[in-house]
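Coordinates in review
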Amino acid sequence: MSFPDTSSDESSAYNNNLHLTAAGMSFTYIRNNKGPNIEPWVTNFFIMFSFSEMAWKVKANDRPYHHLPEFKKKVFLCIKKSRYSGNAIKTYKYNVLTFLPLNLYEQFKRVANLYFLVLLILQIIPDIATLPWYTTLIPLVVVLGVTGIKDLVDDLARHRMDKEINNRKCEVLLDGRFQESKWRDMQVGDVVRMKKNDFIPADILLLSSSNPNSLCYVETAELDGETNLKFKLGLRVTDERLQDERQLAEFNALIECEEPNNRLDKFMGTMLYEGKRYPLDLDNMLLRGCKIRNTEVSHGLVIFAGADTKIMKNGGKTRFKRTKIDELMNYMVYSIFVLLILVAAGLAIGHTYWYEAIGSKAWYLFDGKKQDSSYRGFLMFWGYIIALNTMVPISLYVSVEVIRLGQSKFINWDLQMYFLEKDTPAKARTTTLNEQLGQIEYIFSDKTGTLTQNIMQFKKCTIAGRSYGTDIWNQYADRSFQFVDHSLVECIRSGKDKDVNEFFKLLSLCHTVMVEHKDDGLVYQAASPDEGALVTAARNFGYVFLSRTQDTITIKEMEEERTYEMLALLDFNSDRKRMSIILKFPDGRIRLYCKGADTVIYERLSPKSRHKETTQTALDIFANATLRTLCLCYKDISADEYEAWSELHQEAQVAMSDRDAALDRVYEQIESNLMLIGATAIEDKLQDGVPETIAKLAMADIKIWVLTGDKKETAENIGYSCSLLTDDMQIHYGEDCKMCKGLHDNKHGGMSLQIDFVDMACECEAVICCRVTPKQKGNVVSLVKKYKKAVTLSIGDGANDVNMIKTADIGVGISGQEGMQAVMSSDYAFAQFRYLERLLLVHGRWSYIRMCKFLRYFFFKNFAFTLVHFWYSFFSGYSSQVAYEDWFITLYNLCYSSLPVLLVGLLDQDVNDKLSLKFPKLYLPGQQGALFNYKNFFISLFHGIFVSLVIFFIPYGAFLQTMGQDGEAPSDYQSFAIVTASSLIFTVNLQISLETSYWTFVNCFAVLGSIAIYFGIMFDIHSAGIHVIFPSVFTFTGAASNALRQPYLWLTIILTVGISLLPVICIQFLHKSIWPSVGDKIQRNRKKYEMELLQEEKKKKAPAFERGRRSRRSAYAFSHSRGYADLISSGRSIRRRPAARGIFQESIREVPQTAAENI
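Residues numbered from 1 in each chain as written. Predicted model: local features only at pLDDT ≥ 70, side-chain atom pairs only at ≥ 80, totals over all residues. Heavy atoms only, no water.

Let us look at unusual backbone geometry. Note: most peptide bonds trans; most residues except glycine with negative phi. The backbone phi angle of Glu-559 is positive, close to 75°, even though this residue is not glycine. Residue placement: Glu-559 occurs in the loop between strand E23 (552-557) and strand E24 (560-570). Of note, Ser-880 is a non-glycine position whose phi angle comes to about 60°, a positive value. Tracing the sequence through the fold places Ser-880 in the loop between helix H28 (835-873) and helix H29 (886-896). (Helix = DSSP H or I, 4+ residues; strand = E, 2+ residues; numbered from the N terminus.)

This part covers the UniProt feature "binding site: Mg(2+)" (unreviewed entry) in the protein. Cross-referencing UniProt, the feature "binding site: Mg(2+)" (unreviewed entry) maps to Asp-446, Thr-448, Asp-797 and Asp-801 in the present numbering. With the annotated positions falling across 356 residues, the maximum pairwise C-alpha distance of 10.6 Å places them together in a single cluster. Within the secondary structure, Asp-446 sits in the loop between strand E17 (442-445) and strand E18 (452-463). By relative accessible area, which is 3% here, Asp-446 ends up buried. The contact partners of Asp-446, leaving out residues within four places of it in the chain, are Leu-451, Leu-707, Lys-777, Ile-795, Gly-796, Asp-797, Asp-801 and Met-804. At 3.5 Å, the side chain of Asp-446 forms a polar contact with the side chain of Thr-450. Assignment of secondary structure puts Asp-801 in the loop between strand E31 (792-796) and helix H26 (802-807). With relative accessibility at 0%, the residue Asp-801 sits in the buried group. (UniProt positions renumbered as here; feature names shortened; annotations may be inferred. Buried < 20%, exposed > 50% of the residue type's maximum accessible area, 1.4 Å probe, protein only. Contact = heavy atoms within 4.5 Å. Polar contact = N/O pair within 3.5 Å; in protein donor to acceptor, adjacent residues only side chain to side chain.)

One pass over the full model with this rule turns up 60 aromatic pairs. Their ring planes at 35° and their centres at 4.9 Å tell us that Phe-504 and Phe-541 sit as a pair that is tilted. Of the two residues, Phe-504 is situated in helix H15 (residues 498-509) and Phe-541 in the loop between helix H16 (529-540) and strand E22 (543-548); the sequence distance between them amounts to 37 residues. With respect to class, Phe-504 is no different from Phe-541; both count as buried. For the pair Phe-865 and Tyr-884, a centre-to-centre distance of 5.2 Å together with 10° between the ring planes defines the contact as stacked. In this pair, Phe-865 sits in helix H28 while Tyr-884 sits in the loop between H28 and H29, placing the two residues 19 residues apart along the sequence. Tyr-884 gets classed as buried once you look at its relative accessible area, which sits at 0%. Through a chain of ring-to-ring contacts, three or more aromatic side chains come together here, namely Phe-870, Trp-871, Tyr-872, Phe-874, Phe-875, Tyr-878, Phe-952, Phe-953, Tyr-956, Phe-959, Tyr-973 and Phe-976. The residue whose ring lies beneath Arg-168 is Phe-199, and the NZ or CZ to ring-centre distance is 4.4 Å. When the ring centre of Phe-858 is taken as reference, the NZ or CZ atom of Lys-861 above it lies at 4.5 Å. (Phe/Tyr/Trp six-rings, centres within 6.5 Å; stacked < 30°, edge-to-face > 60°. Lys NZ or Arg CZ within 6 Å of the ring centre and 35° of its normal.)

Attention shifts here to the pairing of strand E8 (residues 215-219). Judged by how many residues are buried, E8 sits mostly within the fold: five of five residues are covered. In E8, alternate side chains face the same way, and those of Leu-215, Tyr-217 and Glu-219 on one face and Cys-216 and Val-218 on the other are all buried. Of the pairings in the sheet, the one linking E8 to strand E14 (residues 291-293) comprises three bridges and is antiparallel in character. Bridging from a neighbouring strand, Glu-219 pairs with Lys-291 of E14. (Pairing = 2+ DSSP bridges.)

Below, the discussion takes up the packing of H29 against helix H35 (residues 1001-1021). Running from N to C, H29 and H35 point in directions that differ by 150°, and their axes come no closer than 11 Å. Compared by their axis directions, H29 and H35 come out roughly antiparallel. The two elements H29 and H35 cross, and the hand of that crossing is right-handed. Between H29 and H35, the contacting residues are Trp-887, Phe-888, Leu-891, Cys-895 and Tyr-896 on the first element and Ser-1010, Ile-1013, Tyr-1014, Ile-1017 and Ile-1021 on the second. Taken together, the residues that form the contact of H29 with H35 break down as nine nonpolar, one polar and no charged. (Axes fitted to C-alpha atoms, helices over the stretch in contact; angles between N-to-C directions. Parallel < 35°, antiparallel > 145°, perpendicular 65-115°, else oblique. Left-handed = near helix turned anticlockwise from the far one by under 90°. Nonpolar A, V, L, I, M, F, W, Y, C, P; charged D, E, K, R; others polar.)

Let's shift gears to the nonpolar core. Residues Leu-396, Phe-854, Leu-855, Phe-888 and Leu-984 are the most contacted members of the largest nonpolar core, which totals 97 residues. Leu-984 has contacts with Ala-864, Phe-865, Tyr-884, Phe-888, Tyr-892 and Ile-951, leaving out every residue within four places of it along the chain. If you look at the next biggest cluster of nonpolar residues, it comprises 51 residues, including Ile-89, Leu-235, Cys-257 and Leu-287. (Core = buried A, V, L, I, M, F, W, Y, C linked by side-chain atoms within 4.5 Å.)

Now for the pairing of strand E12 (residues 276-281). By the bridge criterion, six bridges tie strand E11 (residues 268-273) to E12 in an arrangement that is antiparallel. Directly across from Met-271, in E12, lies its bridge partner Tyr-278. In textbook terms, the turn of a hairpin is the stretch between consecutive antiparallel strands, and for E11 and E12 this stretch comprises two residues, one of which, Glu-274, has a positive phi near 55°.

Residues Val-111, Tyr-331, Tyr-334, Tyr-934, Phe-938 and Phe-942 make up a contiguous nonpolar surface patch of roughly 610 Å² in combined accessible area. The set of elements that each furnish at least two residues to the nonpolar patch consists of helix H11 (324-357) and helix H33 (934-959). Here the nonpolar patch gets three residues from one element, more than from any other, and that element is H33. (Patch = residues over 30% accessible without salt bridge, like charges linked within 9 Å, V, L, I, M, F, W, Y side chains within 5 Å. Areas by Shrake-Rupley, 256 points an atom, 1.4 Å probe, with all protein chains shown as cover. Salt bridge = Lys/Arg side-chain N within 4 Å of Asp/Glu carboxyl O.)

The next point concerns the pattern of salt bridges. One side chain can pair with another of opposite charge once the charged atoms of both are near each other. Evaluation of the coordinates by the stated rule reveals 42 salt bridges. Between Asp-155 and Arg-158 there is a salt bridge, and its shortest N-O distance comes to 3.2 Å. Here Asp-155 pairs with Arg-158, and both are found in helix H6 (residues 134-166), just three residues apart, close to one helical turn. With a relative accessible area of 2%, Asp-155 lands in the buried category. Arg-168 is paired through a salt bridge with Glu-164; the nearest N and O atoms lie 3.3 Å apart. Three or more residues joined by partner-sharing salt bridges are found here, namely Arg-576, Arg-578, Glu-603, Arg-604, Glu-668 and Glu-671.

Let's shift gears to the environment of Asn-803. By the element assignment, Asn-803 lies in helix H26. Owing to a relative accessible area of 33%, Asn-803 belongs among the partly exposed residues under this scheme. Spatially, the C-alpha atom of Asn-803 lies 5.3 Å from that of Gly-778, the residues being 25 residues apart in sequence. For Asn-803, the residues in contact, after removing those within four places along its chain, are Pro-774, Lys-775 and Gly-778.

Our next topic: the sheet that holds strand E4 (residues 169-174). What the six strands build is an open sheet, ordered E5-E4-E6-E15-E7-E13; its pairing is antiparallel. With partners counted over all chains shown, the strands left at the sheet margins are strand E5 (177-182) and strand E13 (285-286), one partner each. Note: strand E6 (residues 191-195) against strand E15 (residues 297-304), five bridges, orientation antiparallel. The residue bridging Val-191 from the neighbouring strand is Leu-301, located in E15.

A word on the state of the cysteines. Across all of its chains, the model carries zero disulfides by this definition. Its sulfur unpaired, Cys-594 is 4.3 Å from the next cysteine sulfur, which belongs to Cys-633. A residue is classified by how much of its surface remains accessible, and Cys-594, at 0% relative accessible area, is buried. Its sulfur unpaired, Cys-764 is 8.6 Å from the next cysteine sulfur, which belongs to Cys-762. For Cys-764, a relative accessible area of 29% gives the class partly exposed. (Disulfide = S-S within 2.5 Å.)

To continue, consider the sheet that holds E12. The strands that make up a sheet pair up through hydrogen bonds in the backbone, lying either parallel or antiparallel. Spatial strand order, E1-E10-E11-E12: four strands in an open sheet with antiparallel pairing. One side of each edge strand has no neighbouring strand; the edge strands of this open sheet are strand E1 (56-59) and E12. Across the sheet, the mean angle separating the axes of adjacent strands is 20° when strand polarity is ignored.

For the rest of this paragraph, the subject is the confidence of the model for the protein. Overall, the predicted model of the protein reaches an average pLDDT of 80, with 83% of residues at or above 70. Low pLDDT, under 50, characterises residues 472-481; the predicted model gives this stretch seven contacts beyond four residues in sequence or across chains. (pLDDT = per-residue confidence, 0-100.)

Glancing now at the packing of H28 against H29. The description of two helices packed together rests on the angle between their axes and the distance between the axes. Two elements in contact, H28 and H29, have axes separated by 11 Å at closest approach and are oriented at 170°. Classified by the angle their axes make, H28 and H29 are roughly antiparallel. Note on element contacts: H29 touches H28 through Phe-888, Ile-889, Tyr-892 and Asn-893, opposite Lys-861, Asn-862, Phe-865 and His-869. The residue makeup of the contact of H28 with H29, split by class, is four nonpolar, three polar and one charged.

Next comes the structure, spelled out in structure tokens:
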């Protein structure tokens, strides 16, 4: 079969049809062709087929192309618009016309708000209106108004931000020349010019730059939070042909790529230019949200604009997390709904029978309406729904949000969680989860960078069977030096030990570190702290990495500068756990250097390799000291072997399907029969306070699981060093457990087997999961949440921890050495693991106690207030007549009883922060949910029933057949309403005083102020002046002054309040005396414990870990990220003359020193 030439544009349509119809044969041919000599048309054919389904097409410098009918999509009915978004963005939700309807619609989606809207409508109906409409309207308007103002302020900020971004300026190539244009006017297919420190306006294909080989440096802080620079590069063909304005104006390439998506780590496409196709990947793309750095001028082609850009695609809503208290509170509100309906139905039935027996026969009750008793009962049902509506607290949700906001601010303002070294305060990134911090049962923690500092120091090494760094020959040596073995320096300086020289030569050559020449020396930019530590170690021992180009690496070997030709760079990834470099020496030799984890290196060693046993012994010793190890080896390659392998390597590099797997297979072929040189040992120190924090959390009955990508031995030794594991524990390994084996063998993981596994693991005091991928970390968290119904917290510092942070009930990010992705995905963030202790045992516990106390009291005060109507109905013919004045009902939850309970929710604490940390057992009630549950809810209900009984029946008895001192009977309805209302205000405000554990001036002012506000407003609305202005609204003219001048009624109020509070006082006294809680005991001996704390602070704490306890082999960091090999191999990764600017904030900085000075 013959195939047409794919290099001509005229045959492109024919080729596309041919590829589709002949696809099966072409794949068969490629599979059967094992050799390297694949025909060119097959490769072309395969590439074309691979991208035939890529529907996103962009043509350079051709705006009309993107408005062709084939690129239009239906919007509504027959209305169509281009599928390519403009570059203007819109993140705001409302405009002038839509704010009111949309915001009200969103607020009325909440059941409580909708319920009160229905009540308001019912109150307009005269036949069933038992309360004036304003008694519901005013609280509803206040709640809607506060929420609406908050939403409006937030949306105005979004409007301002959108306007500022859309009006930014950029140079766009129009009519053959670059013209200044606003971002919002930019379109897909435009060629743009960007300058240093410019923000990137869209997702742009980099064409060329002012740097050699079209290298471009970008800062991705707005995209992923990381401040270290990333490297992007243009294709060689665009770099060579698209440098000036004329060439860019004539550029007419067609880009075919994937549809817009939210994958920040992936991009696949091809560029058809001058009859040839060129593969595109993420290294060629400049993403919106990034910033151009250290590159004077860059040119690019807009691929995705506006809403199609990756940063905007990532702007979707994340999973909304709810607390257990939230869920419980919602169920309780539903229970109140049911209770309200049952009570209203019972009273309606009572009215039906009452009217049948009494009401219809009493001539003085005749209202002129011809309605039978059943219909009147039906109307009374709705009347009682209105009268008893305050059982459902309209202000509950708003008050909860205010309390949570305040608690979040307290976390942000806590100076004891502020990390001075990095100027990093704690940050509550959400306001909805604070009380859940007091209920944590399981903590899932990353190891590297979370428990440890992720700052690597070269400590020991073994070379050709001999260990270095283990003997301290000078008793006066400063223990702060990183390396303390003088014999190694002597070996290097003598030059007699070839193995030692080869060892450090490997460290200086086999890496993907980037280097910049600063005024004060060299600055290394490494893909991981491990890499930087090893290259820095080689540098300090006289093997200094100086520079690299596309195909060379230059180092200084003991003051002698040498350049090696780089033939191939086999980069690290999490599956390979190693990296290699193939170099051509100045004398023509070809050698492969390899470094990696001991497990993968030992599998690939030659049978002739020496020192395997001694090196393994050294690895065990290093691991016992919790050091991270790395094996180094080499292999000499003949020219013929390299040529044959190089052809396979080139084929794998151009593979468009599963390219990574193809490269791994080729790498596997050359990385065999290696010769062992030695191993390195790097120390990753624990963060300050980690052992003490873990010990305290364990005492609080919080179980800690460590999820790490490291080997079992590494994680186990870290477990001992941080006090997660102790000598008293019995260690069980997964490979020794039949259940774990069954779970591993069962790929689908049967539910019963998963349950058994989780039950077994949760019985352990501590669990360490080793060699887990980021996805598996999230799966472990999901298993515990699913089967144990436990409250979980995940904490990590890197991008590999994002999955488990988002999966857990609460995610905590540590701003460490691995960027800010974990922080940006978290609910809470701080700089050190030790702050977790204070976050949970202080802020979490306080927040839980405050919220529980607030909710219990809130339900109580509403029941006590509302159920007075219920008792009154037995004496009013079940007529839905209310027991209070209308304005009292309106203002009760807004003014008279809201502030004291709000302050308790914000400020209350049973013991101070120091005692909270000293006694972790105080945390247990939160885990058990003991302070707020259905039991507490019903206690609040019955407490409210009791208080409402007292508040109604004592004044009722006092008013019965009573004569005032002026000879008049004060037993009128209005005086009765004032006495019951006044008794209620005194009772609920004094009740919250009894519940308050931590008194401040503000609390005292709130309680007394609420009572004063009540009397002030009451006398105002009962005055004659306001009655004259609004005679139909304010009907209690002079009632307050008339009633409250009677000493008899004041005695009634005092008696009512005293009887209401007396049982509570007695119960609290008996409870604290006979059945005191842990908190009660601590409060009783508070001064004694505070003195003990002062004495303990003066004592020095003993070390938590003694080295040399066990012999375990450590392993290379499996969390090592992919290096810069792709950029280096392409030849576009290093500038010839880098600018001397301090842009590498996370870089490794070392001033050159001689080896002798370092020891």
